Amino acid sequence: MNIPTKLNVQDPVEDQDQSDPAKKGWMVGCPPPADKLIKFIPADNKFPKMRWSLANIRQLVPTAQISRGPGPISNLPTRYHDISNVTWVDAEGKTKTFMDMMNLTYTDGLMVLHKGNVIYEKYFGVMNPTKPHLAMSVTKSFVGTLGAILVHEKLIDDTKPVIHYVPELAKTAYGDATVRQVLDMTISVKYSEDYTDPNAEVWNYSQSAGSMPRFEDYHGPQTLYEFLLTLEKDKEHQHDERFWYKTVNTEILAWIIRRVTGKPLAIYLSERIWQRMGAADDAYFMVDSIGTESAGGGYNTCLHDLARFGEVMRNRGYFNGQQVIPSEVIDDIKRGGDKAKFAPAGYETLKGWSYRNMWWVGQDAVGEFEARGIHGQRIHINSKAEMTIVRYASHPHASNIINDPPTQAAYRALAQYLENLK
């Protein structure tokens, strides 16, 4: 379920309440009736059935466990404060509430922390505190953070060529690329994520990775590794010219991490972050037919553990009584990447931003940075306001250009509200 629905922005769709998967009665019954059944097939890989699937992906595909380990659960203190009616102003000058934003973005679950306290928590549809939800490309920021840790610890040299670690990639687009170019996605690779193009490479990627159901006439690569070996360089461009957002870069980084650590990605992430931060629940990676984790968008977590990771990042790596991630790694991410290289990508809702170690970094003075995924998944951190917001969602349109305007306006209004809160 890592592929967006083929919808045009103008297509009429059901709203948050109308598309509620609980009210729809999806997958209820023993067995569910035919009109309520959801399968991992192309016909069901779309909105509104997606609203059930994103919160139940482990019932449809194989996954690998990211163990929380045997240790105690870290504390998430609560100081609840109803922020539902905090107001913000939309692009048309209309005043809306924080609850309006959640409805407009098809929120499945949202949690707000202020100064380390959970002040707000809300679930919709079939989502609940103990249910993992697919994180989509928020996954990339977990993997990017692992890569940055290994660079900091000098187990990876980001100035070295990719093939120093994975020589199998010598004849691919990555044959003359560096690890740093992979981390910051300045790779020139012939790979399109244009979901309106039936010949785009994203279709073979997703079917080989097991993150979308295979079409009957699919005869492409059978595993993620096989697909990565087919990637060619975009002959019209050179590496490091500019930022190109390409999911396959994260898969290449994951291959490097596995090669350097000698461990599956799920085990290394468990040991390096998930156990140390005191996660309450296991997390999961979607995997391909040979168990290779989908590093570009296959991570599943419960909302409260996504919040714990957000707090690790907000607190410069310190959480659960220990330095989970070196502070220098977080500082490097927050400094951001090359804005001049990011600008040509044309993200209208992210003007002045940059990209570093697979995190999206804001341009203003509030220390704003994010992990972002299609259909509305997000970790949002505002350092100045001491605020962390995590959201899982199932917006019918994949692109964040649709849900960025209400999200950004509401989050910034909330940050200002919390800064003034006594």
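Rules used throughout
- Residues numbered from 1 in each chain as written.
- Predicted model: local features only at pLDDT ≥ 70, side-chain atom pairs only at ≥ 80, totals over all residues.
- Heavy atoms only, no water.
- Phe/Tyr/Trp six-rings, centres within 6.5 Å; stacked < 30°, edge-to-face > 60°.
- Helix = DSSP H or I, 4+ residues; strand = E, 2+ residues; numbered from the N terminus.
- Buried < 20%, exposed > 50% of the residue type's maximum accessible area, 1.4 Å probe, protein only.
- Lys NZ or Arg CZ within 6 Å of the ring centre and 35° of its normal.
- Axes fitted to C-alpha atoms, helices over the stretch in contact; angles between N-to-C directions.
- Parallel < 35°, antiparallel > 145°, perpendicular 65-115°, else oblique.
- Left-handed = near helix turned anticlockwise from the far one by under 90°.
- Contact = heavy atoms within 4.5 Å.

Visitor: Tell me about the packing of aromatic side chains, and please be specific about residues and values.
Guide: Following the criterion strictly, the structure yields 25 aromatic pairs and no others. On the basis of an interplanar angle of 20 degrees and a centroid distance of 4.1 Å, the ring pair of Phe-142 and Phe-309 is categorised as stacked. Taken together, the residues Phe-142 in helix H4 (residues 138-152) and Phe-309 in helix H11 (residues 303-314) connect sequence positions 167 residues apart. Taking the relative accessible area as the measure of exposure, Phe-142 reaches 1% and is therefore buried. Judged by centre distance (4.8 Å) and plane angle (45 degrees), the ring pair of Phe-243 and Tyr-355 falls under tilted. Here Tyr-355 lies in strand E11 (residues 354-356) and Phe-243 lies in the loop between helix H8 (224-228) and helix H9 (247-261), a separation of 112 residues in the sequence. Neither residue differs from the other here; Phe-243 and Tyr-355 are each classed as buried. Cation over ring: Lys-36 sits above Trp-26, and NZ or CZ is 5.8 Å from the ring centre.

Visitor: Outline the packing of H4 against helix H12 (residues 327-335), listing residues and values.
Guide: Between H4 and H12, the shortest axis-to-axis distance is 9 Å and the interhelical angle comes to 120 degrees. In terms of orientation, H4 and H12 fall into the oblique class. With respect to the hand of their crossing, H4 and H12 are arranged in right-handed fashion. Where H4 abuts H12, its residues Thr-145, Ala-148, Ile-149 and His-152 lie against Glu-328, Val-329 and Ile-333.

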